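Chain by chain, the residues run as shown.
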Amino acid sequence: KAEQLATMSDDVDMQSLISAQQAALMSRMGQHEEALRLIENALPNADKVDKYAMLDIYANILLRQGKADEAQPYFEEMTNANDLQVQLDAYNGLIRIAAMKKQSDNYIDYFNEYRALNDSLRRITATESISRMNALYNYQLHDQENATLKIQNQQKRTIIISLLCATIVLFVSLFSYFRYRRLQMKLRLEHVQHLLKIHLEKEDRQEQQKRMEKEIQDSDVMKRMLNLVETGKPLKDADIVDM
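Residues numbered from 1 in each chain as written. Predicted model: local features only at pLDDT ≥ 70, side-chain atom pairs only at ≥ 80, totals over all residues. Heavy atoms only, no water.

Looking at this model, I keep getting lost on the overall build of the protein. Mind explaining?
Regarding its fold elements, the protein presents nine helices and zero strands. Counted from the first residue to the last, the protein has its helices and strands arranged as α-α-α-α-α-α-α-α-α. Here the protein, with 243 residues, has 20% of them falling under the buried criterion. Counted over contacts in the protein with a minimum sequence separation of 6, partners at least 24 positions apart contribute 42%. Carbon and sulfur atoms provide 56% of the accessible area of the protein, an area that totals close to 18500 Å². (Helix = DSSP H or I, 4+ residues; strand = E, 2+ residues; numbered from the N terminus. Buried < 20%, exposed > 50% of the residue type's maximum accessible area, 1.4 Å probe, protein only. Contact = heavy atoms within 4.5 Å. Areas by Shrake-Rupley, 256 points an atom, 1.4 Å probe, with all protein chains shown as cover.)

Would you mind going over unusual backbone geometry with me for this structure?
Peptide bonds are mostly trans, and most non-glycine residues show a negative phi. In this structure, Lys102 takes a positive phi of about 60° despite not being glycine. Mapped onto the fold, Lys102 is located in the loop between helix 6 (84-100) and helix 7 (104-218).

What's the story with the pattern of salt bridges in this structure? I'm lost.
In the structure shown here, the tally under the stated rule is two salt bridges. Note that Lys101 and Asp69 form a salt bridge whose closest N and O atoms lie 2.4 Å from each other. Linking Lys101 in the loop between helix 6 and helix 7 with Asp69 in helix 5 (residues 68-78), this pair joins segments that are 32 residues apart in sequence. Judged by relative accessible area, which is 55%, Asp69 ranks as exposed. (Salt bridge = Lys/Arg side-chain N within 4 Å of Asp/Glu carboxyl O.)

Sorry if this is basic, but what is going on with the packing of aromatic side chains here?
Remark: the centre distance and the inter-plane angle together describe each pair of aromatic rings, the angle taken between the planes. Under the criterion given, the structure shown has two aromatic pairs. Aromatic pair Tyr91 and Tyr110: ring centres 6.3 Å apart, planes at 50°, arrangement tilted. Of this pair, Tyr91 sits in helix 6 while Tyr110 is found in helix 7, placing the two residues 19 residues apart along the sequence. Since its relative accessible area comes to 16%, Tyr110 is described here as buried. (Phe/Tyr/Trp six-rings, centres within 6.5 Å; stacked < 30°, edge-to-face > 60°.)

Even after reading the chapter, I still don't get helix 4 (residues 51-64), so can you show me in this structure?
Count 3.6 residues to each turn of an α-helix, and residues three or four apart come out pointing the same way. Compared with an ideal rise of 1.5 Å per residue, which puts 14 residues at 20 Å, helix 4 spans 20 Å between its outermost C-alpha atoms and is within 8% of the ideal. Across the 14 residues that make up helix 4, a large majority, ten, are buried. Within helix 4, burial applies to Met54, Leu55, Asp56, Ile57, Tyr58, Ala59, Asn60, Ile61, Leu62 and Leu63. Backbone geometry just downstream of helix 4 places Gly66 in the positive-phi region, at approximately 85°. (Expected span 1.5 Å × (residues − 1).)

What is the right way to look at the packing of helix 2 (residues 12-28) against helix 4 in this model?
In helix packing, the relevant descriptors are the interaxial angle and the interaxial distance, both defined with respect to the helix axes. Across the interface, helix 2 lies against helix 4 with an axial gap of 10 Å and an inter-helix angle of 25°. With respect to helix 4, the element helix 2 is oriented roughly parallel. Considering only the axes of helix 2 and helix 4, their crossing is left-handed. Touching Ser16, Leu17, Ala20, Gln21, Ala23, Ala24, Ser27 and Arg28 of helix 2 are Met54, Ile57, Ile61 and Arg64, all from helix 4. (Axes fitted to C-alpha atoms, helices over the stretch in contact; angles between N-to-C directions. Parallel < 35°, antiparallel > 145°, perpendicular 65-115°, else oblique. Left-handed = near helix turned anticlockwise from the far one by under 90°.)

Could you clarify how one ought to interpret the packing of helix 2 against helix 3 (residues 32-42) in this entry?
It is at 8 Å that the axes of helix 2 and helix 3 come closest, and there the two elements cross at 160°. As the angle between them shows, helix 2 and helix 3 are arranged roughly antiparallel. Once helix 2 is placed against helix 3, the crossing between them reads as left-handed. Only His32, Glu34, Ala35, Leu38, Ile39 and Ala42 of helix 3 make contact with helix 2, whose side of the interface consists of Ser16, Ser19, Ala20, Gln22, Ala23, Met26 and Ser27. Residue composition of the contact of helix 2 with helix 3, by class: seven nonpolar, five polar and one charged. (Nonpolar A, V, L, I, M, F, W, Y, C, P; charged D, E, K, R; others polar.)

Honestly, helix 3 in this entry has me stumped. Any pointers?
Within helix 3 the residues assigned to the buried category are Ala35, Leu36, Leu38, Ile39 and Ala42. Buried positions in helix 3, seen along its axis, are confined to an arc of 165° and lie on one side of it. Check the buried side of helix 3 and you find it contacts helix 2 and helix 4. (Arc of directions from axis to C-beta.)

This is how it looks when you write it as structure tokens:
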């Protein structure tokens, strides 16, 4: 199915990769000729896909067919890879070839190289595991610190909001209190002004009444009447007319 899709999409690189995987499968199933055909079709494009993976598949197919001499150059080329796992696979193949050829010296050399590489790979794997554990621990610690910081920030925001609300309530209360006091003072002032006005009006009426009484007392009519009263003379019609 993958081969059909790669052909339909005209993806040459993917076709080569699929052919290599089919070749490995066919080889394990004992279909060596078909496996060899598939891998040889894929090899020309190896540099664009995964060169060492294809060389490994090709060398193992040859080795399963008993073609140790043909497989050896491909395993030797794999030892130049920068990937430790590829080098391990290469030396594993070379060890098998040395065993098939009964080359004890080569077998020991290849085995020592394989063991050294395997130890290096284990150390790297262990280091990577420790690094991943440390990274996970640091992440969890960082996450915990972030959670703590988040809680602290939330508490600070709560305190700030509470203080702000308290300040607003206090401001509104003070504003309302002073407004009420001003209103009271205004009402009192108006009341005092009203009382003062009444008092002044009363005094003004009293002053007017006194002036009128004085004017009456000082008038000629009042003087003549008082004179008549004092002298005991009777009031004549002529006096009334004069008044």
